[in-house]
Structures are given as structure tokens and as C-alpha cells.
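One letter stands for each residue in the lines below.
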Amino acid sequence: MSEPKLKAPRGTYDVLGEQALARTALEARARSILEGAGYERIETPTFEATELFQRGVGESTDIVRKEMFTFEDGAGRSLTLRPEGTAPVCRAYVEHGMHKRRQPVKLWYLSSFFRHERAQAGRYRQFWQVGAEALGSEDPALDAESIVLLATLLAEMGVRNARLRLSSLGSAESRSEYRERLKTHLRASEESLSAEVRARIDLNPLRAFDSEHAGTARVMRDAPRLLEHLSAEDAEHFAQVRGLLDAAKVSYEVDSTLVRGIDYYTRTVFEFTSDALGAQSGVGGGGRYDGLVEQFGGPPTPGIGWAAGIERILLAGERSAAGNQPASGPVELFVAIDGSGAELTRLAFGLLGEARSAGLTAQMDLGGRSLKGQLGHANALGAHYVAIVGGEEAVLRDTQRGGQERIATDTVVHAVLRGLHDL
Ligand code: AMP
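So, a few notes on the structure that sits alongside this text. Residue positions are given per chain, counted from 1 along the sequence in the order it is written. Only residues with pLDDT of at least 70 get local features here, since the model is predicted, and only at 80 or more are side-chain atom pairs given and counted; chain-wide, interface and lining totals rely on the full set of residues. The basis for the side-chain values is all heavy atoms of the structure; hydrogens and waters are excluded.

1. Focus on the pattern of salt bridges
Reasoning step 1: Salt bridge criterion: a side-chain nitrogen from Lys or Arg within 4 Å of a carboxyl oxygen from Asp or Glu. Scanning all chains against the criterion turns up 32 salt bridges.
Reasoning step 2: For K183, the salt bridge identified is with D202, shortest N-O distance 3.7 Å. One end of the pair, K183, is in helix α6 (residues 172–188); the other, D202, is in the loop between α7 (195–199) and α8 (214–221), with 19 residues separating them in the sequence.
Reasoning step 3: Per-residue accessibility, obtained with a 1.4 Å probe over protein chains only, is compared with the maximum for each type, and a residue is labelled buried under 20%, exposed over 50%, and partly exposed between these values. Since its relative accessible area comes to 49%, D202 is described here as partly exposed.
Reasoning step 4: A salt bridge links R369 to D365, with the nearest nitrogen and oxygen atoms 2.7 Å apart.
Reasoning step 5: Residue classification places D365 among the buried residues on the basis of a relative accessible area of 7%.
Reasoning step 6: If you follow the salt bridges from partner to partner, you end up with D62, R65, K66, E196 and R200 in one network. Each helix is a run of DSSP H or I of at least 4 residues and each strand a run of E of at least 2, with the numbering of both proceeding from the N terminus.

2. Describing the site of the ligand
Reasoning step 1: Here a residue is near a molecule or strand as soon as one of its heavy atoms is found within 4 Å of it. Near the ligand lie 14 residues; those nearest to it are E117, Y124, Q129, R260 and V283.
Reasoning step 2: In protein, a polar contact means a hydrogen-donor-capable atom and an acceptor-capable atom, both N or O and within 3.5 Å, with residues adjacent in sequence counting only if both atoms are side-chain atoms; elsewhere, any N or O pair within 3.5 Å suffices. One of the side-chain N or O atoms of R260 is found 2.5 Å from an oxygen atom in the ligand.
Reasoning step 3: Working definition of accessibility: Shrake-Rupley area with a 1.4 Å probe, residue cover restricted to the visible protein chains. Contact with the protein chains covers 89% of the free accessible surface of the ligand, which is 480 Å².
Reasoning step 4: Where the shell around the ligand is concerned, the elements lending two or more residues are β6 (126–135), β10 (282–288) and β11 (303–309).
Reasoning step 5: Considering every element that reaches the shell around the ligand, the biggest residue donor is β10, with three residues.

3. Remarks on the packing of aromatic side chains
The relation between two aromatic rings is expressed through the spacing of the ring centres and the mutual angle of the planes.
Reasoning step 1: Each pair of aromatic rings taken from Phe, Tyr and Trp, with Trp reduced to its six-membered ring, is defined by centres within 6.5 Å and is described as stacked if the planes are under 30 degrees apart, edge-to-face if over 60, and tilted in the remaining cases. The full count for this structure, using the stated rule, is seven aromatic pairs.
Reasoning step 2: With a centroid separation of 6.0 Å and an interplanar angle of 80 degrees, the aromatic rings of F47 and F71 are classed as edge-to-face. Of this pair, F47 sits in strand β2 (residues 47–49) while F71 is found in strand β3 (residues 70–72), placing the two residues 24 residues apart along the sequence.
Reasoning step 3: Overall, the relative accessible area of 43% leaves F47 in the partly exposed class.
Reasoning step 4: Classification of F71 by relative accessible area gives partly exposed; the value is 34%.
Reasoning step 5: Grouping aromatic residues by their ring pairs yields a cluster made of Y13, Y124 and W128.
Reasoning step 6: The criterion is that NZ of a Lys, or CZ of an Arg, lies within 6 Å of the ring centre and within 35 degrees of the ring normal, and then a charge sits over that ring. Over the ring of W128 we find R23, and its NZ or CZ is 4.8 Å from the ring centre.
Reasoning step 7: The ring of W108 carries R41 above its face, with NZ or CZ at 4.5 Å from the centroid.

Okay, structure coming up:
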């Protein structure tokens, strides 16, 4: 009796074939855009102390309340698979004393994240994000640059109809005054609200803006808007961010209902959505988090960043043919074996290694096929040169210019290099 087949857990998937190529292309784009703008790569651990997210992301958020994969290590310490990247990056900034470097410190990552969500198309339990965080400056130009970089990445990946919504949540002080005003508004129509919003009036009244519940939506239509209660300084900061985006010709809509689901945001918040995605329309988003580093024991440090979902970018993007080319480029030399035996295989294998050391993209059929089968494989790969090794001698075919010659096997690499050079 055969064993039952095992499957990847719910909400997870394997990255294969074209998907893997598309990711490699996306990673290369992200790296060139972000490193070109002075962002350095950072990778933080896959799991962190649970407290990091409780403190950073916030106890009132959906992520901390119900979406974390939390477990104990052997010593009884509570650990959590990272549900997002900003808190770990801020932890690393403090841990490595990065405030002593020239500010702002700009960091980017491309990593997997974990949330216990209802799995569906575009929503997974393990997903990948590319993210960029800039710490140590509250200059509105940093906000604008950060947003422009994400807009550029999405545009270069061919994300169709990306729509940018923008708002400001103000600083912690203006927000806490506003929260009281909003709570009063919610309490006045408590009976029309969804049970979930009602239960969170004190804990997180702003989330009522995200509710899809009809009664709640009605109450929110004439709720006071944070954007109209910003301090003069926060309003000026927001006006400058908008002016810089106008100057960069990035179009956006100011949306005073945009709150985003994480507690650490202050001032600028933004989100890109794409109609190409259906229900899960968020492609990427972020904002300022001026108090977060301090919450992890660091000095007062402003910061701004974003994260965008890799799966969603690829789903929404027009996967250009160029993006799906193998990263290695075309095969320059295919090594085939005419005959059998260990000695012949050893010779061909040696030639393959020699070609690769010389910088050629080279492949060989490792499936034990007949010569005909091997040549079919070379043809499918579009190999430029094919060396058919018969022993100390080989036949070298130029598939592009036509023609072939019989030469010593140990001169094949030289002949290919010369041939490519002459092109
Ligand atoms: P967030 O950290 O919630 O602001 O998410 C930022 C981006 O990550 C979203 O716009 C999505 O593109 C992506 N994302 C968030 N959660 C998931 C998920 N469960 N599955 C796939 N992508 C996700």
C-alpha cells in the first residue's frame, strides 16, 4: 500500500518555474531601484520575541489579536513568526546603534512574512514582501522619496491601474485628541455599529473606517475626520509631502478615511491599490512611524517606510516577456556525449566545468539520454554552440551561423570564446 501524499499547509505554496523567474526579475528591479536611492539590504530573523510585535504593532490590531503564529521555545520564551517587517527593522536599528550613523539610515528587505489569515487568492499565510524603511529624518522629502520609489517599482513591474491614496494621521498628540472626538461620535450611534466595532470603541476607534458593515459605514460617513483636526505643524508637513509628489508627477488622491491597520503610524500614510486584483486590492502601503524606535528603547527617531506584497505585484503586473527570461541568459555552450562509458562522461563533465570557469553559460544533459535526445535538449534550450564529445576529439557546431568542425576536446572552450568574440 502506498503512503498518502503530503501537501503544503493551507495558505502556503511552492515557488516554481515561471513564478521563480518572475520573482528573480522583481528582486533585481527592487534592488536596482532601492540601492540606487541609497537603501542597504537588511535581513532580520524569521522569528522574534513575541513582545516585539505586541509593543510595536500594537495590542489592539488584528495582526496581534488574531493573526500571529506564536510558539514557545524549549525554555518557555514566547516567539512569533514575523507578521511584518517594520518592527524588526526598528529593533535592529536600536540593537546595532544605527542612530550613530549618518541619518537617515535607509534599509530595504525582501522576506517572507506570516499571518494566520483566511487563505484565498492573493491572501496567504506565508507571503513575501519587499519593503523599504528610512530612519532618522522627519523631512517631508523623505516621505515623498519613499512613495516615489514604490510608485516606480510598481510602474516598472507593469502593475496596471495602480491608485495611490494618501492621508496624514498627525502626530500622537493630535491623534489622541481626535480619538476622543471620534469615540463620542461612535457612542452617539452605538446601536448601528457592528459588534466588532462596538467592542473596540475604546481600544481602536479609528478601525471603524475600515469596516464593511453597512450600519457602521453609514455612521462613519459623517464622522469627524482626522485630516481636518491636524495641528498646524502636521498640516504643513502633509502639504509639503503633497507638493513634492506633485513635483514628481505622482498622482494621488487624498483619502481622509485611510487609517491602515497598525498602531505605529503617525503623519503620512499611503496605500497603493490595483483594480486588477479583485477583492484583495492592496498592493503595498506604508507611512511614518515617528515614535516606534523609542518604543524599543532607542533615542527619539522619526522613520518612514512601506511594504508591498510580492504575490500581488506579480498578479497585478503585466508579466513582460523580458521579465521571464532565465536570469542566467541564453545557453552559450551545450555539451553532448556521443557514446557511453565513465571515461567519456568524465571528459564531457570536465569540459562543462572548464566552460563555466571561463564564464560561459554551459549545460549538459544529465538525464542519460541518447545523442538524439541530447541534441533535442540543446535545441530546446536554444544553445548557441553544441560540443559533441566523442573522446579526445569533439565536433563543435555553431547553431546560429551553421557549420561544424572537428577539434580537440580541450580546445572547445577557446574556440567558443573566440567565436562569441567574433560575433
Ligand atoms: P500590510 O503590512 O498589511 O500593510 O501589507 C502590505 C502589503 O503586503 C499589502 O498591500 C499586500 O500586498 C501584502 N500582504 C499583506 N498581507 C498579505 C497576505 N496575507 N497575503 C499576501 N499578501 C499580503
